[in-house]
Every structure is written in structure tokens, then in C-alpha cells.
Amino acid sequence: MAAIINQRVEQGDSSMGGVKPALLHKISGHVARINDVILLSKDEGVWTASDDRSVRLYLKRDNDQFWPSIHHFMPVAPTSLYYSEETYKLLVGLINGNVYEFSVADDFNSMTEARKWSCHAGPISGLGFALSSELIFSCSRDKSIVWHCSENSNKLGSYLLDNSCTAMVIDLPFVFVGDHGGHVTVLRIVDNRPNLVSKLSAHTNSITTLTWDGNKKVLYSGSSDNLIIMWDIGGGRGEAYELNGHNGKVTALCAAPAAKRLFSADEHGKLMCWDMECKRVETPEWKTSDCCQKCNQPFFWNLQAMWQRKVVGLRQHHCRTCGSAVCGSCCDNWTTYPPMGYETKVRICNDCNGRMKENPQNFNLTPLAISHEIRTGITAMHLQETLGLLVTSGQNRVIMIWDVRSVCSAPSGSTGPSTSSSR
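Residues numbered from 1 in each chain as written. Predicted model: local features only at pLDDT ≥ 70, side-chain atom pairs only at ≥ 80, totals over all residues. Heavy atoms only, no water.

Enquirer: What's the story with the side chain of Thr283 in this structure? I'm lost.
Expert: For Thr283, the position within the fold is in the loop between strand S25 (270-275) and helix H1 (303-309). In this structure Thr283 comes out as buried when scored by relative accessible area, which is 12%. Among the polar contacts listed, one links the side chain of Thr283 to the side chain of Glu242, at a separation of 3.4 Å. (Helix = DSSP H or I, 4+ residues; strand = E, 2+ residues; numbered from the N terminus. Buried < 20%, exposed > 50% of the residue type's maximum accessible area, 1.4 Å probe, protein only. Polar contact = N/O pair within 3.5 Å; in protein donor to acceptor, adjacent residues only side chain to side chain.)

Enquirer: Any chance you could explain the domain arrangement of the chain here in plain terms?
Expert: Buried accessible area, meaning the area lost when the parts come together, often serves as the stated size of an interface. Partitioning the chain into domains gives domain 1 (22-278 + 368-408) and domain 2 (303-362). At the junction of the two partners, domain 1 supplies nine residues and domain 2 supplies seven residues. When domain 1 packs against domain 2, close to 570 Å² is buried across both sides, 51% of that on carbon and sulfur atoms. Taken as a group, Glu242, Asn244 and Leu368 account for 68% of the area that domain 1 buries against domain 2, more than any other trio of residues on that side. Where domain 1 touches domain 2, the interface holds zero salt bridges. Linking domain 1 to domain 2 there are three residue pairs in polar contact (both at pLDDT 80 or more). Going through the elements one at a time, strand S22 (240-243) and S25 are the ones with two or more residues in the side of domain 1 that touches domain 2. In terms of residue count, S25 provides more of the side of domain 1 that touches domain 2 than any other element does, three residues in total. Taken together, the residues of the side of domain 1 that touches domain 2 break down into five nonpolar, two polar and two charged. (Domains from an automatic or database assignment. Contact = heavy atoms within 4.5 Å. Buried area = accessible area lost by both parts, 1.4 Å probe. Salt bridge = Lys/Arg side-chain N within 4 Å of Asp/Glu carboxyl O. Nonpolar A, V, L, I, M, F, W, Y, C, P; charged D, E, K, R; others polar.)

Enquirer: It is not clear to me how the UniProt feature "domain: FYVE-type" (unreviewed entry) in the chain should be interpreted in this structure. Could you clarify?
Expert: The UniProt record marks residues 286-357 with the feature "domain: FYVE-type" (unreviewed entry), using the residue numbering of this structure. Across residues 286-357, helical content stands at 21% and strand content at 22%; the span's end C-alpha atoms are separated by 23 Å. (UniProt positions renumbered as here; feature names shortened; annotations may be inferred.)

Enquirer: Looking at this model, I keep getting lost on the pattern of salt bridges. Mind explaining?
Expert: Two side chains that carry opposite charge are able to pair once their charged atoms sit near each other. Enumeration over the complete set of coordinates arrives at 10 salt bridges. Put simply, Arg115 and Glu101 hold a salt bridge, and the shortest N to O gap is 3.1 Å. You can see Arg115 sitting in strand S10 (residues 111-118) and its partner Glu101 sitting in strand S9 (residues 98-104), a full 14 residues away along the chain. For the pair formed by Arg115 and Glu101, the shared burial category is buried.

Shown next, in the form of C-alpha cells:
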């Protein structure tokens with residue numbers, strides 16, 4: 001029987017306490033998948049883009065209900081939105097690669113088409129607007145990133161990736177683009193010319209979402225491999241930390257820089273809030289070996305050793321805390337280990353299990369995240385941290401607005417858990 005070593009930690013007792021997001025409003029009415037949502041900060045409203053070709057703005061009325069104030073149909077399905085509340089500009093990216101700019105009326109009762117760009121040959125997967133530089137960015141499944149001048153609509157530059165672009169965030173002069181190959185390309189835009197800074201590679205499946213913490217200069221990437229990776233861009237040491245809490249494709253990420261929180265959601269409807277103020281530990285690289293590094297039994301592909309010893313080869317596993325390549329008998333222990341991002345139970349080897357039992361004071365297993373089940377897969381999410389509000393759209397075509405002020409203001413373990421197995 002597998003050993004479970006973390007029973008001293010009560011389920012749900014996290015570094016943020018037992019707080020949960022509180023559901024405030026539900027908005028229904030869509031007849032097709034909702035591809036993007038944006039929550040307004042100055043007015044109580046929500047922008048949506050749906051596969052039924054509609055772009056809608058829901059505003060809260062006096063009866064405390066949300067009703068569509070704008071209901072505009074695009075030529076084809078919209079896939080991405082960007083709204084600038086300073087300029088009342090709405091950018092809409094379409095499945096055919098076109099990008100539209102609309103001017104929204106001050107009373108939010110109408111939107112007028114200002115211009116259109118036919119700049120991509122595939123669905124738009126990301127939009128951005130740099131107001132200070134007057135640049136509009138778009139990326140597409142056609143592998144390209146393009147930027148235009150917001151004043152005269154002139155194309156100022158482009159960059160071609162090796163794989164389809166799937167997500168993008170901008171903090172000029174840097175542009176971060178995730179792709180279908182699981183990589184994040186980091187570009188520096190200088191005089192409208194792109195310079196490749198780095199390509200971040202750790203995911204084993206396509207990037208699905210990106211978010212940026214401008215205070216800490218940290219990039220978060222979510223992927224179809226169920227994993228979230230925190231890239232310490234500003235630290236300059238190339239550190240990356242894994243966050244393992246989802247059992248399905250991560251579909252949305254939202255950073256709350258002031259509160260030092262990260263919100264994540266997946267295709268099964270699990271909403272998580274991560275404490276990013278605590279000290280994190282990098283996960284070790286997985287070691288390679290033809291035999292178990294604990295008992296020296298050969299793995300099933302080591303035919304020579306199997307023949308010489310007249311034994312059947314064993315399946316290889318990896319200890320999540322030390323990275324050793326081990327057999328099932330030497331890795332028959334399961335535990336969470338939040339400092340390494342493991343909020344769900346993972347395999348650890350007998351040696352690491354022994355160290356945790358002998359020196360429990362060195363291994364703080366207090367959860368560093370809280371989770372909430374929404375019971376429907378989440379397709380898009382947007383956070384307004386100043387209001388303490390989060391909006392999600394589900395596979396059931398229902399929009400939910402959540403009060404997350406208690407989650408963002410909950411005390412966190414700023415000193416971080418102690419550990420003896422850092423890299």
C-alpha cells in the first residue's frame with residue numbers, strides 16, 4: 001500500500017485560510033461558446049465575444065441584473081477582445097484573421113467601426129494595445145505577430161514564429177508570445193523592429209494562456225499539459241517554478257500583482273488562487289538511467305541487463321522532489337509539496353519520504369493555494385484587481401462574476417515555508 005505522509009495538514013487549511021470566491025452575478029443568454037470576456041473597471045459591465053458572431057456589452061441595471069447594452073454581430077466569429085477604457089477603443093479579432101477597431105459611445109449604447117485590418121491568414125489568438133507607443137499588436141494561428149500604428153493604421157512591423165501563436169501579453173519593449181509547440185517567445189521591440197531575446201521551453205504541450213505580473217516582472221504560462229510555470233523574467237537568473245494543481249488543460253490565467261496572487265482555471269471547471277508571496281522551490285530536472293537509481297533493478301528497455309540477470313524489466317518512475325529515476329517499489333509514497341508547486345499528491349522516493357518523516361520541521365506542507373469547483377469548464381477569465389472582481393465564462397455559456405476581495409486580502413505566508421531540498 002502506498003504511504004501517505006502529509007496527513008498532519010488538514011485539507012483546505014492553506015496559507016490564505018479558508019476563504020473562497022463569492023458568486024455575485026450570473027449572466028445567461030448566449031447560444032454558442034463564449035471565446036473571451038472583459039470586465040470593466042469604471043462601469044459595472046462585461047464585454048463578451050461568442051461563436052454566434054456576437055460582441056456584446058452587458059451593463060448592470062437598477063434591478064441589479066445585467067442586460068445587453070450593445071449587441072453587435074461580426075461577419076464571422078470573434079475570437080479575441082481588447083478594450084481600452086482610456087480611449088473607449090474596442091479591438092475585435094476574428095476567426096478569419098481580420099482585426100476590427102470600434103469606437104464605443106460614452107453612454108455605452110453603441111459602437112462604431114473605425115477601421116479594419118486584414119493582417120492575418122488564420123484566427124486571431126491575441127490582441128494588445130500599447131497606448132503610450134500608439135501600437136496595436138495582434139497574433140494569429142498563422143504563426144505571425146503584427147503591429148500597427150493606432151493613429152494612421154500603418155503596419156510597422158511583424159515577426160514569424162515556428163508554430164501557431166496561441167497567446168500574447170505585452171509590456172513594452174517586451175512582447176511575450178506562446179505557441180502551439182509549448183514555447184514562449186520573448187521579443188524586444190526597438191524602433192519598431194523585433195529582436196529575439198529568448199525562447200522559454202518547459203511545457204510538453206501547447207501554451208493556452210499567458211499573464212504578466214508587472215510589479216515582480218514575472219510571466220505565468222498555462223498549457224494543455226495541465227501545468228502552470230512561473231518565469232522569473234526580472235530576476236535575471238533564469239529561474240522557473242512549476243505550479244501543479246490542475247487535472248485538466250489550463251484555460252485561463254489572471255495575475256493580481258498588488259495582492260501577490262495568481263488565479264487559474266481549467267477545462268473541468270476548477271478555479272484556483274495561488275499565494276505567490278511565499279518562497280518557492282524549483283522542481284529538479286528528471287534524471288535518466290537504465291536502472292533504478294535506488295535498488296539498481298533494470299528498466300524494461302535495458303535488454304542487456306535483463307538477459308544477464310534473468311529478470312523482467314521494471315517500469316520507470318521519477319521522484320518529484322529529487323528527480324531520481326526509480327522503480328515503483330522505490331517510489332511508492334505519495335504527498336503534496338506546496339513549496340515546489342505540488343498542491344495535489346505526487347510520487348516521491350523512499351529516501352525523500354524518510355527525510356520528510358525524520359525532519360518534518362524542514363518540510364512545511366501547508367497548502368499555498370485554494371481551489372473552488374465551478375462545475376463547468378472555463379473558457380475565458382478576466383480580473384479587475386482594484387475592484388476585487390473576477391469574471392469567468394463557462395462551457396455552459398454562462399458568465400459568472402465573483403467577489404474575490406477576501407481571497408486577495410487574505411493573509412499569506414510571506415516568509416515562505418522552509419525546505420531542505422532546493423536547487
